[in-house]
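The lines below spell out each chain.
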Amino acid sequence: MKGIMLKDLYENFYIKKNLASYIFGALFIGLTSIFIDTKYAFILYTMLLTIAFGSSTLEASYEQDEKANFNKLQITFPMTKTEIVISKYLLALMCTGISVLIALVYVLANVYLNHMVTLAEALTVWGLSICVSLVFTGIVYIFYFLLGKKIGTIIYIAMALILGGMYGSSTVFFGIESYTSVDTAVRLCFLLPASLAVFVLSCLVSIQIYKKKYS
């Protein structure tokens, strides 16, 4: 599994166009967060930081695998189809973990440097972003394994737009405070394990899809 994960990392960060997309995304979030320092933007950027990195690693590797017809070669390796799929999910989890730490630095900066939110509010938003990232990644990965890179990417973009629309509308109908309330912080005790369960379930579903596709 380590070899598959290293290959995917290579395809994500050594191929210039993929590396450029990560750099552009990071610069966009970083620069806009400097000039747009509202609580609305703070929540949005925290979500983006945790979602974008972990959920996009499969897109780049799947594109290269399809171009080289690598999936048919991959199943001849001395590893099971289950291990192949798990390696993809482990890499996503690792990248999500890194992005979660980056997001933590961002939220703490808004607590102690910008004084935009309290520590409790910041950690609540950060916790919510972890939940959203795990669920989003889990759902997107199923579509990539089921439908391939092209349609999977279309669904990825569509889901991102829907998620953005849901966030915008929720701030209108429920208010920004709904994301930072004490009630929301308490609900994280249920939401965090539930989102991890969705991620694990997604992995199990993708394993069955992969086995059927390459049986």
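See above for the structure.
Below you will find a few notes about this structure. Since this is a predicted model, take the numbers as computed values, not measurements. Numbers given to residues run from 1 along each chain, matching the order in which its sequence is written. In keeping with the predicted nature of the model, local features appear solely for residues at pLDDT of at least 70, side-chain atom pairs appear and are counted solely at 80 or more, and the whole-chain, interface and lining totals rest on all residues. Hydrogens and waters are ignored; side-chain quantities use all the structure's heavy atoms.

## Details of the overall build of the protein
Strands are runs of DSSP state E lasting at least two residues, helices are runs of H or I lasting at least four, and both sets are numbered from the N terminus onward. Each helix and strand in the protein was counted, giving eight helices and zero strands. Secondary structure elements of the protein occur, N-terminal to C-terminal, as α-α-α-α-α-α-α-α. Every radius of gyration here is taken over C-alpha atoms, with the globule rule written as 2.2 Å times N^0.38, N being the number of residues. For the protein, whose C-alpha radius of gyration is 18 Å, the value lies close to the compact-globule estimate of 17 Å for 215 residues. Seen along its three principal axes, the alpha-carbon backbone of the protein occupies a region of about 55 × 35 × 30 Å. Split into buried and exposed, the 215 residues of the protein put 46% on the buried side. Whether two residues are in contact is decided by their heavy atoms, any of which lying within 4.5 Å being enough. Of the contacts made within the protein by residues no fewer than 6 positions apart, 81% connect residues no fewer than 24 positions apart. In the structure as shown, the protein presents an accessible area of about 11400 Å², 76% of it carried by carbon and sulfur atoms. The charge count includes Lys and Arg as positive and Asp and Glu as negative, but it does not include His or the ends of the chains. We put the charge of a Lys on NZ, of an Arg on CZ, of an Asp on CG and of a Glu on CD. In the protein, which carries 15 positive and 11 negative side-chain charges, the distance between the mean positions of the two groups comes to 11 Å. Think of it in three bands: with a 1.4 Å probe and only protein chains considered, a residue is buried below 20% of the maximum accessible area for its type, exposed above 50%, and partly exposed in between. Areas reported here follow the Shrake-Rupley algorithm with a probe of radius 1.4 Å; residue values treat only the protein chains shown as occluding.

## What to know about the pattern of salt bridges
When a carboxyl oxygen of Asp or Glu lies within 4 Å of a side-chain nitrogen of Lys or Arg, that pair is called a salt bridge. Counting across every chain of the model gives one salt bridge. Of the charged contacts, one joins E121 and K39 as a salt bridge, the two residues approaching to 3.9 Å between their closest N and O atoms. Taken together, the positions of E121 in helix 6 (residues 119-147) and K39 in helix 3 (residues 39-67) put the pair 82 residues apart, joining distant regions of the chain.

## A look at the packing of helix 1 (residues 2-13) against helix 2 (residues 16-35)
The axes used here are C-alpha line fits, helices contributing only the stretch in contact, and every angle between their N-to-C directions lies in the interval 0 to 180 degrees. For the pair helix 1 and helix 2, interaxial distance at closest approach is 5 Å and the crossing angle is 70 degrees. By the angle between their directions, the pair helix 1 and helix 2 is classed as roughly perpendicular. Every residue of helix 2 that contacts helix 1 at E11, N12 and F13 is listed here: N18, L19 and Y22. The nonpolar class holds Ala, Val, Leu, Ile, Met, Phe, Trp, Tyr, Cys and Pro. Asp, Glu, Lys and Arg form the charged class, and all remaining residues, Gly among them, are polar. Broken down by class, the residue content of the contact of helix 1 with helix 2 amounts to three nonpolar, two polar and one charged. Here the word oblique covers every angle except those under 35 degrees (roughly parallel), over 145 (roughly antiparallel) and from 65 to 115 (roughly perpendicular).

## A word on the packing of helix 5 (residues 81-112) against helix 6
If you want to describe how two helices pack, look at the angle between their axes and the distance between the axes. Relative to each other, helix 5 and helix 6 sit at 155 degrees, their axes nearing to 10 Å. In this view, helix 5 runs roughly antiparallel relative to helix 6, as classed from their interaxial angle. Of the two elements, helix 5 crosses helix 6, and the hand of that crossing is right-handed. In the contact of helix 5 with helix 6, the residues fall into 20 nonpolar, four polar and one charged. By the definition used in this description, the sense in which the near helix is turned from the far one sets the handedness, with an anticlockwise turn below a right angle giving left-handed and a clockwise turn giving right-handed.

## Concerning a nonpolar patch on the surface
Residues M1, L90, L93, L196, V200, L201, L204 and V205 make up a contiguous nonpolar surface patch of roughly 640 Å² in combined accessible area. Mapped onto the nonpolar patch, the elements with two or more residues apiece are helix 5 and helix 8 (182-213). When residues in the nonpolar patch are grouped by element, the largest group, five residues, is from helix 8. Here V205 shows up in helix 8. For patch detection, residues must exceed 30% relative accessible area and be free of salt bridges, and they are connected within 9 Å for like charges or within 5 Å for nonpolar side chains (Val, Leu, Ile, Met, Phe, Trp, Tyr).

## A closer look at the nonpolar core
Only buried residues count toward a nonpolar core, which is a set of Ala, Val, Leu, Ile, Met, Phe, Trp, Tyr and Cys residues joined through side-chain atoms within 4.5 Å. By size, the foremost hydrophobic cluster in this structure holds 47 residues, and its most contacted members are F42, I43, Y89 and F145. Looking at this core, the elements that each hand over two or more residues are helix 3, helix 5, helix 6, helix 7 (149-173) and helix 8. Ranked by residues supplied to this core, first place goes to helix 6 with twelve residues. Listed in part, the five residues of the second largest apolar core include M5, Y22, F53 and C95.

## Brief notes about the state of the cysteines
The criterion for a disulfide is a pair of cysteine sulfur atoms lying within 2.5 Å. Throughout the structure, instances matching the rule amount to zero disulfides. The thiol sulfur of C95 is not disulfide-bonded, and the nearest other cysteine sulfur, from C203, lies at 15 Å. With a relative accessible area of 3%, C95 lands in the buried category. Take C189: it sits in no disulfide, and the sulfur closest to it among the cysteines is that of C131, at 10 Å. The class of C189 is exposed, set by a relative accessible area of 64%.

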